[in-house]
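Listed here are the chains, written in short residue letters.
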Amino acid sequence: MKCRSVACIWSGTPLYHRITSAAVLAKPPTLYTGGSDGLIVWWNLSGTDSEPEIKPIALLCGHAAPIADLGICFPVVDNSSNVKVKSIPAGHGALISACTDGVLCTWSRRSGHCRRRRKMPPWVGSPSMIRTLPTNPRYVCIACSFMDAVHLIEQHSVDLVEGSEASMDRESQHRKPPKCTVVIVDSYSLTVVQTVFHGNLSIGPLKFMDVILSPENCEVQSALLVDLYGKLQSVPILKDPTLGGENGVGLIKGSSYLDMTIWEDGLSEGGPVVSIATRGLFFVLVYRTCCIFRLLASGTAIGKISFVDNHLCFEDGSTHFHIMGGMFLEGNDASTMLKSEDPCDIVEENFVVWNDRGSALVYSVSYLHSLFKFQPLCEIPAVSCPRDARLSVSFIQLNHYLLRIESICFHTEEPLLWKPLVTIWPFDQQHDDNGNLCPQCKMVGRGGLFIDSVRGFASFHKSEVHGDDAGIEPTGRETKLTYQRSSIPSPEKFNNFCRDDEKFSFVEKEQVVSSSMVISGNFHTPYAVVYGFCSGEIEVVRFDTFFHLLESHSKSPHAEVDSHAPKQYLKGHTGAVLCLAAHRMVSNFNRWNFNHVLISGSMDCTIRVWDLDTSNLVTVMHQHVAPVRQIILCPPRTNHPWSDCFLSVGEDFCVALASLETLRVERMFPGHPSYPAKVVWDGARGYIACLCRNYSGTSDSVDILFIWDMKTGVRERVLRGTASHSMFDHFCKGVNINSISDGVLNGDTSASSLLLPVTEDASFSQSRVKHSGKGITLSNMIMKNISEPSTSQAHVSEVSSMNVVSTSSSVFQGNKHPIKCSCPFPGIATLIFDLASLMSHSLKHEFIGNVGDKQENTHMKKLGTETLKPHHMTADDADLNRTLTNTIEGHDWISSLERYLLQFSLSFLHLWDVDSELDKLLVTDMKLERPWKFIVTPGFQGDRGSLTLTFPGLSASLELLKSSSEFCALKSLTMVSLAQCMVSLSHSNSAWCSALAAFYTRHFAEKIPDLKPPSLQLLVSFWQDESEHVRMAARSLFHCAAARAIPPPLCSQKAIDHVKPMITTNSNRANEDGSSNIENASRDGRDSDTPPEMPGVSQVEECKILAWLESFGEQDWISCVGGTSQDAMTSHIIVAAALAIWYPSLVKQNLAKLTVHPLMKLVMATNEKYSSTAAELLADGMESTWKECIGSEIPRLVGDIFFQIECVSGSSGNAAAQNPAVPVNIRETLVGLLLPSLAMADIPGFLTVIESQIWSTASDSPVHIVSLMTLIRVVRGSPRNLIQFLDKYMQVVNFILQTMDPGNSVMRKTCLQSSMTALKEVVRIFPMVALNDASTRLAVGDAIGEINNASIRIYDMQSVTKIKVLDASAPPGLPSLLSGPSETTVMTAISALSFSPDGEGLVAFSEHGLMIRWWSLGSAWWEKLSRNHVPAQCTKLIFVPPWEGMSPNSSRSSVMATILGHDGQANSQENAKGSGDMDCLKVLIHNLDLSYQLEWIDQRKVLIKRHGRELGTFQL
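Residues numbered from 1 in each chain as written. Predicted model: local features only at pLDDT ≥ 70, side-chain atom pairs only at ≥ 80, totals over all residues. Heavy atoms only, no water.

Enquirer: A description of the overall build of the chain should follow, citing residues and the corresponding values.
Expert: For the chain, the helix and strand inventory stands at 42 helices and 66 strands. Residue burial in the chain is summarised as follows: out of 1516 residues, 59% are buried. Look at the contacts in the chain between residues 6 or more apart in sequence, and 63% of them connect residues 24 or more apart. Within the structure as shown, the chain displays about 60600 Å² of accessible surface, and the carbon and sulfur contribution to it stands at 51%. (Helix = DSSP H or I, 4+ residues; strand = E, 2+ residues; numbered from the N terminus. Buried < 20%, exposed > 50% of the residue type's maximum accessible area, 1.4 Å probe, protein only. Contact = heavy atoms within 4.5 Å. Areas by Shrake-Rupley, 256 points an atom, 1.4 Å probe, with all protein chains shown as cover.)

Here it is, written out as structure tokens:
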């Protein structure tokens, strides 16, 4: 499982976003807007009805191409049949998004993250529209088209309608009919399940699509396709969407198409169609000057609304307005159907239409008895903006509000600077005091990306001015750094905008970030963030905190020199900076005296190379004649001379290979038909793949793949169509094998991580480990850095610190970067912290432990110590032995480096300003430096590299925490684990670490009462993590959140009452999102057939519990941690079992009974992630919970476990060690925890099973050793319950002796050591079992037996046979004295046994009767009677006088009273007379004393001890 936390770093400029599509979710009220940049903004609608508020919460980053459309779906699956659920809860809605590149994403509203991300097959084309199927909202209908040159122009056109007339003329010139595809996609898996249409349309190019129901049958649905002329084509959709497939199995034949040319005068009457709308049996075609209402069944026009004389359509010289769209409005009373014979009659519908300036009219439209009427209800005024500004407007309904979505661009020459704004308008009728209709609606709310975010930006700059770096001026030292005014706007400009939002041009074009990247390279933490601006300026902002700490720790002479300013400014470009890359030189033949370079490509068609150490310009390259869009670095382990080269991709359709070693262009790859949007460099094989689009429009193939030989510059292959995508994906997988960043992107570049496919395959990571030792190593780079001193004295400190951090890359694993950096969009940088890598301490110990074994580790140690001591930099390999003496110093340095890495992570992941006292403690005690220079917000990762990033401001972060239990779990787990790890590094940090852990465990929920509790399913998935800190943190968080996060089907009425005050406090929010677990449980309890206060659980509730245990389709946390549907089901079982054991009063009564059998199956499944946990839970709750449910099934379960051990271990015990088929942790848990608990729960059953294994398994089977080890644990854990099975019935001693049988030499050889261990443990625990000093004789006495049937058995350990039986039933000569009680009464017989030192005698002490008996066992006589099993009487009897406090039960008056049974034991028997023999036996076992000991003083004197206290010495 992956636990990755994301810290998002925002630039100081606001985000520009042109909205191209929108979707709404009614419950909870949510708005999603997609933009031309591929971003999706998640908005929340809150507040009161009179004063609603809409605020942006997070950015949803999953696309790298313009968003084509957004839709709402319900990806809910049924557990049994995998079909649609009949009643889908309103809160289970999700967003599905599609971009023009063919990538689909589903975004969960409850968790806010991407559940699934997948690319559509290439034969489908480019998606353009998404519509949800009305009969089954799990499936969506997606219309796709194949773009040619004409459509490409339209796509890049800013205003479609302005060029629509020319577009129509161009389309009429094309003779070949356009091609499109309509498919049905399952929103749960994002797979194509049905192909509705694939081919050439009978109408014009597809412009609009909707899914309609058949007038005759509401269950029959069709896809309605409309072209720009208003011509329609209807294609039926199969009733069962799963009948199709990606290969076109479900393709409907062309003969079933229904082509309808509704009218021929559409163009002359209203011009081009700008929008369509459907409602029931009607549809509306919206033109630029009118709306025509028609019937779906016949296409008959029933009415028309003209806007020629309306203010919506106005034309006066250069100013002219026209209609842009229209839609029907939903509402409880908005529309009603008339009960008449004509099904086409309606009473009333509300319809809204708007123009291109944002002005809208809401009409009441009625149609009754073929009479069409319309009446305006209210008007929404136009957008207030300059007339020369470009404006994009759309409307969407959210509950009883109309949301006007605006995008405004004020820079006419720059099409990217769009400002989004959302305004809220009520659309109900508004009247004045006289009852007249008000002419205009009143805006009740507004929100934008620039209002709250800009305030955050302004506060950021304000804090930056007052920070430590404020007012720093360059010193007199020699430096070539340039200190200039930042390109970030000043706080005054932001504050002016916050005061007056109508001042639109608040940010100049030159101050807008056009590209950004994070420099990490070979460092363990990011080195700097680089911003490229539209002005051509470049700003480098360093993470100086980490390096400052390293410099101070290194105690280098140069560390005392003040570091340079944390910001660098590079000037030279005359156009916008479009791409960036940073590279550290690898070659040893660098003659240009630079080591770390920054490469920038610009709109001015040039590429500039900068020296990051000195901020000097190295060179300017002119290999392109168009803007440079991409810089691609060489992959790791690329051979010389290509290791210091880079690729540049320009809009001139050319790719160039340039060398940083020679500073010239080495190869040119021309001839691409269009811009190569995707370029991948395979350094291992020496090839370059360029995927570009073919816009000829004459072929079905729209994509072409060019493969170039990097060494020769020759074009090796050209692939077209679907083959190009298949080959490109295969090419990316090959690159990913050699990648150290889990992706195709190489090094530090500004390219979006979402542009290229993300491969998540375990085999690739394994391949990386195999190839980790090949090619260029980081150690070589470090040696080069050390051997080349810096020419600038002002930067010696910086170079030293960089060398220190570079050395750390050699110490830690190269394929496990703890912090991965990316920039999904310009101005947005992300730091992804991988918890597994942060917790991996084994590498450090391996580095220290093996420093004397491997020369490579010795070499790294030398590098580490030499970096700390610069005067050692000239040492050669002969000095390696001298560095071995500095192992302790190197260990301290690595520990410090690890501590600084954790501090850096905590600084960027901690939620500041929530608890001021904790913040102060972290800064003062822990010396944690707050990242004042950056705007940092939290986020988390979704499927295949997708990201959810909150907007600046604490409110957005808290909103995500209040809505996403998955985010809460990941955040808390990361912080608590890091805190515990810091304690392990230094115990002096225990105070603040405990405070930090307590905050994220308990106090956070107390400060924010409506905080979403962490997901229990996600937490249990980390119970078997490799790191102990993560395991402990996950279990601690589970216990702290269990009472608040119990799943509704499992929650009892007591748990509901326990959290009811919290529900009352947060009722408003819970009613909004409908996601409160306890509230849902309360609702389930009210809806149940059985009242909550009645005992037991109804059958309906049992079905709900079973359905929840088997569910897997609604688990948002799976994609957060990279799990599968199997993980979802198993985690449910684990959660239910844990709650049944630890919180039985908070869950329903029969939960344990319903959970135990799935838990047992999970144990036997040997699942690497969960079987160990299941076995632990089964063992933990065996005595208290599970024994009552599966008492009779325990022997079968024990046998199944032995069968698993036998099967996975092979035919012999040696094979088990060589080829274990089951992970070690599962085997250890089964043998060490589960088997002993099962054995103690049912000792007779366990003994029966292990005795049967003697004859049913191989002699050298590991089952016998496991049985002996389990027996040892049972002896230690439950000796009293085992006492009655020592040597009778299912004999414990007999089983141990059978494993030592000399007749079975194989078994004896395999088990002898374990058997002797088990036997000695029995002798140590049970005093009535004795072994002589030579280990040749064994005596076993009856601890409990009948008065006249007690005995002692003597065994010969050499032959492993019973050779003698001693009578211990009654004192010799006094048989009548013991006849008081029944002769068959079960009593304590032998309390302790001991062989004499010479082995010639045996002494036994009996607490019942207080007597010592002696048997003389002479050697000659012993051998003579070795085969005689007749019970032998004792040779001497001694009565032991009573001592003070001797009886464990009650005081005894005399020995005779003891003999006659007038004691506490007789009283206990008398009191239990009515209980039965079994109850008497339980009482006797409970009171049995196993603390007696017999010690020999000399040959004939014995000492009795009890609990270590001497009771007396007796002469025999």
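Structure's up, so let's keep going.
Enquirer: Mind laying out the sheet that holds strand β43 (residues 655–659), listing which residues take part and the relevant values?
Expert: Here 4 strands make up an open sheet; going across it, the order is β41-β42-β43-β44 and the pairing antiparallel. Either end of the sheet is taken by a strand with one partner, and the two such strands are β41 (628–633) and β44 (664–669). Strand-to-strand twist across the sheet, computed as the mean angle between neighbouring axes with direction ignored, equals 25 degrees. (Pairing = 2+ DSSP bridges. Axes fitted to C-alpha atoms, helices over the stretch in contact; angles between N-to-C directions.)

Enquirer: Please provide a residue-by-residue account of the pairing of strand β37 (residues 577–584), values included.
Expert: Across the 8 residues that make up β37, a large majority, 8, are buried. Bridge analysis of β37 against strand β38 (residues 596–602) gives 7 bridges, and the strand direction is antiparallel. Across the sheet, the residue bridging to His583 is Val597, located in β38. Of the strand pairs in this sheet, β37 and strand β49 (residues 748–749) are connected by 2 bridges, and their pairing is antiparallel. Bridge pairing links Ala581 to Thr749 in β49.

Enquirer: Talk me through the packing of aromatic side chains; I want residue IDs and the actual numbers.
Expert: Counting across every chain of the model gives 26 aromatic pairs. Both rings, one in Phe706 and one in Trp708, keep their centres 6.4 Å apart while their planes meet at 20 degrees; by these two values the pair is stacked. Take Trp708: its relative accessible area is 4%, and that puts it in the buried class. Directly above the ring of Trp418 sits Arg18, whose terminal nitrogen or CZ lies 4.7 Å from the centroid. (Phe/Tyr/Trp six-rings, centres within 6.5 Å; stacked < 30°, edge-to-face > 60°. Lys NZ or Arg CZ within 6 Å of the ring centre and 35° of its normal.)

Enquirer: Help me get a handle on the pairing of strand β1 (residues 4–10), residues and values and all.
Expert: The buried fraction of β1 amounts to 7 of the 7 residues, a majority that puts the element mostly inside the structure. Alternating positions in β1 separate into two faces, Arg4, Val6, Cys8 and Trp10 on one and Ser5, Ala7 and Ile9 on the other, with burial throughout. Judged from the 6 bridges that link them, β1 and strand β52 (residues 935–941) form a sheet pairing that is antiparallel. Looking across to β52, one finds that Ser5 is bridged to Phe940.

Enquirer: If you had to explain the nonpolar core to someone new, which residues and values would you point to?
Expert: Counting residues in hydrophobic clusters, the biggest one holds 210 residues, and the most contacted among them are Trp1186, Phe1326 and Ile1352. The element contributing the most residues to this core is helix α18 (residues 965–985), with 11 residues. If we skip the residues at most four places from it in the chain, Ile1352 touches Ala1339, Val1340, Gly1341, Lys1364, Val1365, Leu1366, Ala1368, Ile1390, Leu1393, Leu1402, Ala1404 and Trp1415. In this structure, Leu39, Val422, Phe825 and Ile935 belong to the second largest nonpolar core, which totals 31 residues. (Core = buried A, V, L, I, M, F, W, Y, C linked by side-chain atoms within 4.5 Å.)

Enquirer: Quick rundown of the state of the cysteines? Include the residues and the values.
Expert: For the structure on display, the rule yields 0 disulfides. Here Cys8 stays unpaired: no disulfide links it, and the sulfur of Cys61, its closest cysteine neighbor, is 7.5 Å away. The cysteine Cys99 is free of any disulfide, with Cys105 supplying the nearest cysteine sulfur at 7.3 Å. (Disulfide = S-S within 2.5 Å.)

Enquirer: Help me get a handle on the environment of Val1163, residues and values and all.
Expert: Mapped onto the secondary structure, Val1163 falls in helix α28 (residues 1151–1164). A C-alpha to C-alpha distance of 9.9 Å links Val1163 and Leu1177, two positions 14 residues apart in sequence. Leaving out residues up to four positions away in the same chain, Val1163 has contacts with Ser1171, Ala1174, Ala1175, Leu1178, Leu1230 and Leu1234.

Enquirer: Account for the sheet that holds strand β57 (residues 1351–1356), with residues named and values stated.
Expert: The strand order across the open sheet built from 4 strands is β54-β55-β57-β58, with neighbouring strands paired in antiparallel fashion. Two strands lie at the open edges of the sheet, namely β54 (1329–1331) and β58 (1361–1367), each paired on one side alone. Strand-to-strand twist in this sheet, taken as the mean axis angle between neighbours without regard to direction, amounts to 20 degrees. Each of β54 and β55 (1337–1341) touches helix α38 (residues 1305–1325); the most contacted strand, β54, lies at about 125 degrees to it.

Enquirer: I'd like a rundown of the pattern of salt bridges, residues and numbers included.
Expert: Where charged atoms of side chains with opposite charge meet at close range, the side chains can pair. Summed over all chains, the structure comprises 28 salt bridges. Note that Arg131 and Asp69 form a salt bridge whose closest N and O atoms lie 3.0 Å from each other. Taken together, the positions of Arg131 in strand β10 (residues 126–132) and Asp69 in strand β6 (residues 67–73) put the pair 62 residues apart, joining distant regions of the chain. Among the salt bridges present, the one from Asp101 reaches Lys678, with a minimum N-O distance of 3.1 Å. Of this pair, Asp101 sits in the loop between β7 (94–99) and β8 (103–108) while Lys678 sits in strand β45 (residues 678–682), placing them 577 residues apart in sequence. What you see here is one network of salt bridges that share partners, running through Asp101, Lys119 and Lys678. (Salt bridge = Lys/Arg side-chain N within 4 Å of Asp/Glu carboxyl O.)

Enquirer: Give me the lowdown on unusual backbone geometry, citing residues and values where you can.
Expert: Cis peptide bonds are those with omega within 30 degrees of zero, and the linkage from Lys27 to Pro28 qualifies with -10 degrees. Tracing the chain through its elements places Pro28 in the loop between β2 (19–25) and β3 (30–35). Following His640, the chain continues into Pro641 via a peptide bond in cis, with omega recorded as 10 degrees. Of note, Pro641 is situated in the loop between β41 and β42 (645–650). Here Leu190, not a glycine, exhibits a phi torsion of approximately 55 degrees, which is positive. Looking at the element boundaries, Leu190 is found in the loop between β12 (179–186) and β13 (191–200). In this structure, His1507 takes a positive phi of about 55 degrees despite not being glycine. With respect to the helices and strands, His1507 occurs in the loop between β65 (1501–1506) and β66 (1509–1515). Exposure remark for His1507: the relative accessible area of 59% places this residue in the exposed category.

Enquirer: Residues and numbers for helix α17 (residues 954–963), please.
Expert: Turn by turn, an α-helix covers 3.6 residues, leaving residues three or four places apart pointing in a common direction. Burial runs high along α17: 8 of the 10 residues are buried. Ala956, Ser957, Leu958, Glu959, Leu960, Leu961, Lys962 and Ser963 are the residues of α17 that are buried.

Enquirer: Which residues make up the packing of helix α27 (residues 1125–1142) against α28, and what values go with them?
Expert: The interhelical angle for the contact between α27 and α28, taken along N-to-C directions, is 130 degrees, at an axis separation of 9 Å. As judged from the angle between their axes, α27 and α28 are oblique. The two elements α27 and α28 cross, and the hand of that crossing is left-handed. Of α28, the residues touching α27 (which contributes Thr1130, Ile1133, Ile1134, Ala1136, Ala1137 and Ala1140) are Leu1151, Ala1152, Thr1155, Pro1158, Leu1159 and Leu1162. For the contact of α27 with α28, the class distribution of residues is 10 nonpolar, 2 polar and no charged. (Parallel < 35°, antiparallel > 145°, perpendicular 65-115°, else oblique. Left-handed = near helix turned anticlockwise from the far one by under 90°. Nonpolar A, V, L, I, M, F, W, Y, C, P; charged D, E, K, R; others polar.)

Enquirer: If you had to explain helix α35 (residues 1262–1277) to someone new, which residues and values would you point to?
Expert: Taking 1.5 Å of rise per residue, 16 residues should cover 22 Å, and α35 covers 22 Å from first to last C-alpha, within 8% of that figure. For α35, the complete set of buried residues consists of Pro1262, Val1263, His1264, Val1266, Ser1267, Leu1268, Thr1270, Leu1271, Ile1272, Val1274 and Val1275. (Expected span 1.5 Å × (residues − 1).)

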